[in-house]
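As a plain string of letters, each chain reads:
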Amino acid sequence: RSCQLACAYCSPTFSSSWANDVTANGSYNLTTNTRFNKDIKNKLIPDDDNKYIQAFFDWWPELKKDLSVVRFTGGEPLLHPRFWEFLDVLHKDQDYIGDFIVNSNLIHEKGQVQKFVDKTRYLTENGKNVEIHTSCESSLEHAEYTRDGFDGKVWLKNVNDVLANSDIKITVTTAINNMSVWSFGEYLKMISQLKDKYGTDRVTTNFNRVIYPQWHSLAILPQKLRIEIANDLKLVFDDLENLQDDKSIMPFYDLYDYLRNTRFSDPVHSEKQVLRDAVNFYDQFNKRRNKDISVLDQRYVNWIEQTRLELNNG
């Protein structure tokens, strides 16, 4: 779970930065989802004592003979020393002949991304797929708010460097939430520009939505706002010619219909409970991370403040 980011919808389970927040500042004390209420450090096995890591290295000589794809997730793999140890083995032997995928936030400035390109180049030169799955779902300025620790300039530079200097493919995966959906159109334009520059087969995206924690879901936004967002996004999407393929059209219209027609539903918690957590999370996230809310869409801020007022008035 080593990760230098603390994305708003992540948790201490997957991010050491989130764990540091909870350790330093205490629980968020939210009632509809407990992911930000405590750390899980007591359940983790220290790397030095983790027999499973060494077992993997011991297994690798046999495993690689028939393995079709290996994928690393996280956390942030490029921060983990044993990930680089594995890449050294891969590069030295050059006898693994499957595909290679890594999930990375690409917020690195010390040569890690180029090192990954160099260590895996023999795979692409032999016709194998090497892919980086990174994440964004908004304008870069907006992403710096929602994905605490994110640096838009560093991210975009690394994306461009990978695409310009290798045959690695990039998937920009999304976690569409009610904080950042307002600038999803700017994200679509950015994906379109990358496709124009490097080819439609080198850059792909998806339209994943945040369902949990519930207070980040699109469903708790008022329908009037959701319809407004959906219509704005459709105008952008319909104008992007290189997104008019089945891999993009069907997921986009699924998002479009969801925004227009969904209703909040939770079998355990009431809408009022989830809205209260949304306001409480917003307040604590801004205070603990010293956030500048001027980057947020004013409609979102107005909704939060209106919700706060209604909750306080019973």
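Note: the structure precedes this text.
Criteria and thresholds
- Residues numbered from 1 in each chain as written.
- Predicted model: local features only at pLDDT ≥ 70, side-chain atom pairs only at ≥ 80, totals over all residues.
- Heavy atoms only, no water.
- Phe/Tyr/Trp six-rings, centres within 6.5 Å; stacked < 30°, edge-to-face > 60°.
- Helix = DSSP H or I, 4+ residues; strand = E, 2+ residues; numbered from the N terminus.
- Buried < 20%, exposed > 50% of the residue type's maximum accessible area, 1.4 Å probe, protein only.
- Lys NZ or Arg CZ within 6 Å of the ring centre and 35° of its normal.
- Pairing = 2+ DSSP bridges.
- Axes fitted to C-alpha atoms, helices over the stretch in contact; angles between N-to-C directions.
- Contact = heavy atoms within 4.5 Å.
- Salt bridge = Lys/Arg side-chain N within 4 Å of Asp/Glu carboxyl O.

Describe the packing of aromatic side chains, naming the residues involved and giving the relevant values.
Counted by the stated rule, this structure contains 36 aromatic pairs. Note on Phe-281 and Phe-285: the rings are 5.3 Å apart at their centroids and 15° apart in plane angle, and the pair reads as stacked. Within this pair, Phe-281 and its partner Phe-285 are both found in helix H10 (residues 271-288), separated by four residues, close to a single helical turn. Residue classification places Phe-281 among the buried residues on the basis of a relative accessible area of 0%. The buried category is assigned to Phe-285, whose relative accessible area is 0%. Chaining the aromatic ring pairs together yields one cluster made of Phe-56, Phe-57, Trp-60, Phe-72, Phe-83, Trp-84, Phe-86, Tyr-96, Phe-100 and Phe-116. One residue, Lys-291, lies across the ring of Tyr-145, its end atom 5.4 Å from the ring centre.

Outline the sheet that holds strand S2 (residues 69-72), listing residues and values.
A sheet is described by the order of its strands in space; here five strands give the open sequence S2-S3-S4-S6-S7, paired in parallel fashion. The open sheet has two edge strands with one neighbour each: S2 and strand S7 (203-205). Between one strand axis and the next, the sheet turns through 20° on average, direction left out of account. With four bridges joining them, strand S3 (residues 99-103) and strand S4 (residues 130-135) adopt parallel strand pairing. Considered in S4, the bridge of Phe-100 is made with Val-130. The strands touched by helix H3 (residues 81-93) are S2 and S3; relative to S3, the strand with the most contacts, the crossing angle is about 160°.

Explain the pattern of salt bridges residue by residue, including any values.
Going through the model one piece at a time under the given rule, you end up with 21 salt bridges. Measuring nitrogen to oxygen at the nearest pair gives 2.7 Å for the salt bridge that ties Arg-288 to Asp-21. In this pair, Arg-288 sits in helix H10 while Asp-21 sits in helix H1 (residues 16-25), placing the two residues 267 residues apart along the sequence. With a relative accessible area of 6%, Asp-21 lands in the buried category. Note that Lys-119 and Asp-88 form a salt bridge whose closest N and O atoms lie 2.9 Å from each other. Of this pair, Lys-119 sits in helix H4 (residues 112-125) while Asp-88 sits in helix H3; the two residues are 31 residues apart in sequence, bridging distant segments of the chain. Look at Lys-119 and you get buried, because its relative accessible area is 19%.

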